[in-house]
Amino acid sequence: MEDTIQTQAELREDRQGLLKRISELETAEREQRQCCEMYQNIFELAPHSASITRTEDGCFLKVNQTFSRMTGYLTEEVLGRTSLELNLFADPEDRGKIVEALRQDGQVKGWEIKLRKKDGTFFHGIVSARLYTYNGENCILLMLEDISRIKEMEISLKESEEKYRQVVENAGEGILVAQDGKVRFTNHRTAAILGYEVDEIRDRTYLDFIHPDDGARIVENYVKRIAGEPVPEVYEFRALTKDGRVRILEIRSARVHWEGRPATLNLLADVTERKEVEEKYRVIVETMEEGYYEVDLTGTYTFVNPAVCRYHKATREELIGLNYRDYMPPETANKVFQWFNDVYRTGVPARIMRHGFEVLRQDGTIIPLDLSVSLRRDAAGKPIGFHGISFDASERLQIEAERERYRQFVEEVDDGCFENDLQGKFIFVNPSGLKRFGYSWEELKQLDNRRYTTPETARRVYKIYNEVYQTGTPATILDYEIIRKDGSRRYLDLSVSLMRDKAGKPIGFRGTSHDIMERKKMEVEREQLAERLNQARKMEAIGTLAAGVAHDFNNLLMGIQGYSSLMLLDLDPGHPHYQQLKAIESQVKAGAELTRQLLGYARGGRYEVLPTDFNELINRTVSLFSRMKQGIRIHPYLSDALWTVDMDRSQIEQVLMSLFMNAAEAMPGGGSLFLQTENILLEEPLARTYEIPPGPYVKLSITDTGVGMDETTRERIFEPFFTTKEMGRGIGLGLASVYGIIQGHQGVIEVQSEKGQGTTFFIYLPVRLKKDPSPTEEAVEKPSSKGTILLVDDETVIIDVVRAMLKGLGYEILVARDGETAVQLYRDKGEDIDLVIMDMVMPGIGGGEAIDLIKSIDPAARIVLASGYSLAGEAKEILNRGGAQLFLQKPFQLQELSTKIRQILEGEE
C-alpha cells in the first residue's frame, strides 16, 4: 500500500515536471518563431539583393524581393534551381571562386562580379557572402549590390577615351578620382571651383583642398567606401579655394577601379550659392513676423518658426510633436480638421480667416489666428502633410472693432461729419454737425447753403467746391461763417474732398467741420501772452544792466560811507563838521536805498527769505497804509486757508505799499481798493507762458476804481525810469522795483487796465512745499575781543576804507586783492587769522570758489560775505551750506561792521 502511494506521488511529480518542460519548450519555440519572423522581415526588406543557396549543390533555398527586381526572376522561378541552371553568372567560375574563398576565410567581402538578368542583359554587382546554417543545412548567405551605373561609366570611359574626355571636361559638375589619399584625376570644372589649374591639383593630397574641420569625416567616408562599407550616397563638405575662400560642395561618390586598383569616383557640385539662398530663406522664415508651420497628416507640428513660438509663448522644442488638438478648444479643433481635410481632398490651398481659430497658450491665454494652408508632397507627389503661414488675427479683429468704433466715432465725435450732393445740399450730417447749425436733420437737409451763410461766404465756398470738383484734390475752408437757426454766428474750419461712385464718377462731397470759436479766443489770448513775454524779456535785459549799476554804485557808496564813519569816529559831536558828516551818511543811506530798489528790480534783492503768512503781511501793510491814506476804502477778501509762501517780508511789504500808493494816486478824489487772495494750481500751458514751473501758487489781486491806463502806458508801466508823474515827483523805479522783486521771488506780476475803468494787478508767488532743514549749529569757542582779519576785495577804495575801519576797531589786517592770494595767505597764516571778510565778485578765483578752498584747508574757518549785490543766488547758496556765517551788504557803516564781527568772534546774537 505504501509503495502504491509513493508511486502515485512520483508519477504526479514527473507529470508536473513534464508539463513545465513542455511550457518552457513552447515559450522557447514562440521566441524562436518571433526571432525568425524578425529576421525574415529584415531579409525581405533589405535594400540589397539577398539569397541563400546550399553549399554542396548551389541550389537556391530563399531569395528576397530585391533579388527578384535586380535579376528579373520571380521567386518561384528561382527556388530549387542553381545559378548554373539560371545561367546567372556571366563567368560560371565566379561561384566556385566564392565557395573556395568561403571555405578558406569564412566570408567574402566587396567582390565585384558580372551577372546576367532573365532578359539576357548584364549588370555588375558587389558581392558580400558568408557561410550560414539554414534549416539544418550548410548554406551560403550572399548579399549583392548593383553597381551597374558605375560600371557602365567605367565601360563607357574605356570604350571611348575621347568621348569620355569631352563628357568629363565639359561636365557641369566637378569630377575627381581619389586613390590612396591623393587626387589621381580631376576635370577643369573641379579646378575652376577650387581656383586652381588642373595640373596644380593632380597628385596632391585631397585633404589640401578640404576645410580642416571636415577632413576627418571625408577620410572616414573614403576608407569605408574603398572597403565596401555603407556610406551616405550624397553629403556636403567645405572646400578651400586657392585664395583661401570657403566653398560648400555636394559630393556623390562611388567605388571604382583606377588603373587596376580601388579608388573613388567623386562628382562635385558647387552648392555655395544654393546654400546662401537657402540660408536667406531660412533667415526669412526665422525672422518673419508671420508664423510658418509644417505639420504631418495627423496635424502634429514637425517644424515651426520663431513667430509661431511667440504666438504660443512656447519654445520650439515644446511645440514639435504637439498635435493641434493639444492647443485648441474642441470646437475649434473640429473646424480645423474639416478645413485641412478639404485641402487634403482637393489639393487646393486655402486661407482660413474670418472664422479664424483660437490657440490656447501654455500660460492659459488665448490668441486668435488666421492661416493659409497647402498640401505638402514628397518627391513622388505623395501627400505627407501640410504647411502654411499663420497670422495673428488680433489686428484684424481689432480693425473690425475699430470700424465699429469708427461708426460710433462719427456718430459721437465732437467735430461735424457731413456729405453733400453735387448741388451742395446735405445728404448726411452727424449729430455734432447738426448741433453746429442748430437745426434738426429734417430741417437742414431742405436748406440751400445760402440760407445758413452770408452771401460773401457762399460765393467763397462755391468757388472752393468747384475747384475740388474740377481737380479732385481735397481742400480746406478756413473761417467758414455760418448763421445758426437762432441767428447767432459761428466760425468753422472745413475739410472737403470729392465723393465718387464705384466707376469713379463724382457724386458729391464729404468732409469734416471743426468749431474754431475757442481757437479764435485763444488767438487773442496768445497775442496778449506773447506781448507779456516780450515785455518780460525786455525787462530782464534792463534788469541785468540795473544790477551791475547797483553793484558798482554800492562800492562807491562804501568808500563814502567808510571814510565818513572813520571821520566821525575821531570827532566830538560838538565839532562843526560832525553834523555835516552825519548828513553825508544820510545821503549814503538814501543812495543805498536807491540801489536796493535797483537790485530789487534786477531780481537780486531778496535779503532774508522766511516762510510767511501772506494774509498777515497784507493786513499789516493795509493797517499802515490806512493811516497814511484815509480817503481810500479797502475791501479785503482773503482766503482762510491760504498756503504759506517763502518771501523777503520787507521787500514784499515794499511791493504792497508801492501798489497801494500807486492805486491811491490813481484815485485822487478817493475810491475803493479790493484785495483778494486765493490758492491756485498753474497748469503747464499757462505756466510755460509765464516762464515759471507749473504747480501751486498763491494769487493776490489788487483792484482799484481809479482812472485806469491807456494801452501805451500799460505796456511801459514796469520799465525802469518810466513815470507819468511830473518832473521832480518820482524817478520811476517804484513799479520797476516791484516787477524785479516779484521776479526775484520766482513769481509773476501782470496788469489789466483800461482808461476810465480802473486797474487790477495780479501777483503769483510760488508756494512753500516743505520746510528747509534747520542748519546744524556748531559749538564755536568764544574768541577775544581783538584778532586778525583777512580782508579780500579787488577794489582799492574798498580795501583802503574797510582796512582803516577795521584798524579803528583795533583789529590786525591782512589784505588780499584776489581769491588766489587769499587762499595762499590762509594756507600760510591760517592759524593766526580769526576772521575772513570775502568779496563775492573778483577776477580769477571768485569769492565762492575761494571760500570752498579755504574751508578745505580749515573747516572751522569763520567767514563774512561782503557784496555790492544783495543776498541772492550764489551768496544765498553759500550761506545755506555753511560756507559763510554772515552777509554784509555794501555800503555798511562802521557800527554795522563792528556788530557783524562781534557776532562771529564773540558769539553775540
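Colleague: Just checking my understanding: could you explain the environment of Glu236 for this structure?
Modeller: Positionally, Glu236 belongs in strand β8 (residues 234-240). Apart from the residues within four sequence positions on either side, Glu236 is in contact with Arg217, Ile248, Leu249, Glu250, Val271, Arg274 and Lys275. Side-chain polar atoms of Glu236 contact the side chain of Arg274, separated by 3.4 Å. Among the polar contacts made by the side chain of Glu236, one reaches the side chain of Lys275 at a distance of 3.0 Å.

Colleague: Looking at this structure, I do not really get the sheet that holds strand β25 (residues 695-704). What am I missing?
Modeller: Paired through backbone hydrogen bonds, the strands of a sheet run either parallel or antiparallel to each other. The strand order across the open sheet formed by five strands is β22-β24-β25-β27-β26, and the pairing between neighbours is mixed. Both edges of this open sheet fall to β22 (632-637) and β26 (748-753), since each of them pairs with a single strand only. Along the sheet, successive strands turn relative to each other by an average axial angle of 20°, direction set aside. Two strands pair when backbone bridges link them, and strand β24 (residues 671-682) and β25 are joined in this way by 10 bridges, in the antiparallel orientation. From the neighbouring strand, Leu681 faces β25, where its bridge partner is Pro696.

Colleague: Before we go on, may I ask you to explain the sheet that holds strand β2 (residues 60-63) in this structure?
Modeller: In spatial order, the strands read β2-β1-β5-β4-β3; together these five strands make up an open sheet with antiparallel pairing. Edge positions in the open sheet fall to β2 and β3 (107-116), since each of these has one partner strand only. Between one strand and the next, the sheet's axes are offset by a mean angle of 30°, whatever the strand orientation.

Colleague: Explain the side chain of Ser513 here, please?
Modeller: By the element assignment, Ser513 lies in strand β20 (residues 506-515). Apart from residues lying up to four places away in sequence, Ser513 is in contact with Asp415, Gly416, Phe418, Arg436, Leu492, Asp493 and Leu494.

Colleague: Just to check I follow, could you spell out empty space enclosed by the protein for this structure?
Modeller: Which parts of space are left empty comes out when a probe the size of a water molecule is rolled across the atoms. Within the structure shown, the criterion is met by three cavities of 30 Å³ or more. Volume-wise, the largest cavity comes out at about 250 Å³. If you go around the largest cavity, you meet 21 residues; those closest to its centre are Leu176, Ile210, Ile218, Phe237 and Ile251. When residues of the lining of the largest cavity are traced back to their parent elements, those giving at least two are β6 (174-179), α7 (188-194), α9 (212-226), β8, β9 (246-258) and β10 (261-270). By residue number, the principal contributor to the lining of the largest cavity is α9, which donates four residues. Volume-wise, the second largest cavity comes out at about 200 Å³. Lining of the second largest cavity is provided by 19 residues; of these, Ser51, Thr53, Phe60, Phe89 and Leu142 occupy positions nearest its centre. Elements represented by at least two residues in the lining of the second largest cavity include exactly β1 (49-54), α2 (65-71), α4 (93-105), β3, β4 (122-134) and β5 (137-146). Partitioned by chemical class, the residues of the lining of the second largest cavity number 13 nonpolar, five polar and one charged.

Colleague: How do you make sense of the pattern of salt bridges when you look at a structure like this?
Modeller: On inspection of all chains with the given rule, the structure shows 32 salt bridges. A salt bridge links Lys242 to Glu200; the nearest nitrogen and oxygen atoms lie 3.0 Å apart. Of this pair, Lys242 sits in the loop between β8 and β9 while Glu200 sits in helix α8 (residues 198-201), and the two are 42 residues apart along the sequence. A relative accessible area of 47% means that Lys242 is categorised as partly exposed. In this structure, Glu250 and Arg274 form a salt bridge, with 3.5 Å as the shortest nitrogen-oxygen distance. Residue Glu250 is located in strand β9, and its partner Arg274 is located in helix α10 (residues 272-287); the two are separated by 24 residues in the primary sequence.

Colleague: Looking at this structure, I do not really get the side chain of Thr241. What am I missing?
Modeller: For Thr241, the position within the fold is in the loop between β8 and β9. Among the polar contacts made by the side chain of Thr241, one reaches the side chain of Asp243 at a distance of 2.4 Å. With residues near it in sequence (within four places) discarded, Thr241 still touches Ile193, Leu194, Tyr196 and Arg247.

Parameters at a glance
Residues numbered from 1 in each chain as written. Predicted model: local features only at pLDDT ≥ 70, side-chain atom pairs only at ≥ 80, totals over all residues. Heavy atoms only, no water. Helix = DSSP H or I, 4+ residues; strand = E, 2+ residues; numbered from the N terminus. Contact = heavy atoms within 4.5 Å. Polar contact = N/O pair within 3.5 Å; in protein donor to acceptor, adjacent residues only side chain to side chain. Pairing = 2+ DSSP bridges. Axes fitted to C-alpha atoms, helices over the stretch in contact; angles between N-to-C directions. 1 Å grid on protein atoms, 1.4 Å probe; cavity = no way out; pocket = protein on both sides within 12 Å on 5 of 7 lines; lining within 4 Å. Points joined across faces, edges and corners; volume = space filled by probe spheres on them. Nonpolar A, V, L, I, M, F, W, Y, C, P; charged D, E, K, R; others polar. Salt bridge = Lys/Arg side-chain N within 4 Å of Asp/Glu carboxyl O. Buried < 20%, exposed > 50% of the residue type's maximum accessible area, 1.4 Å probe, protein only.

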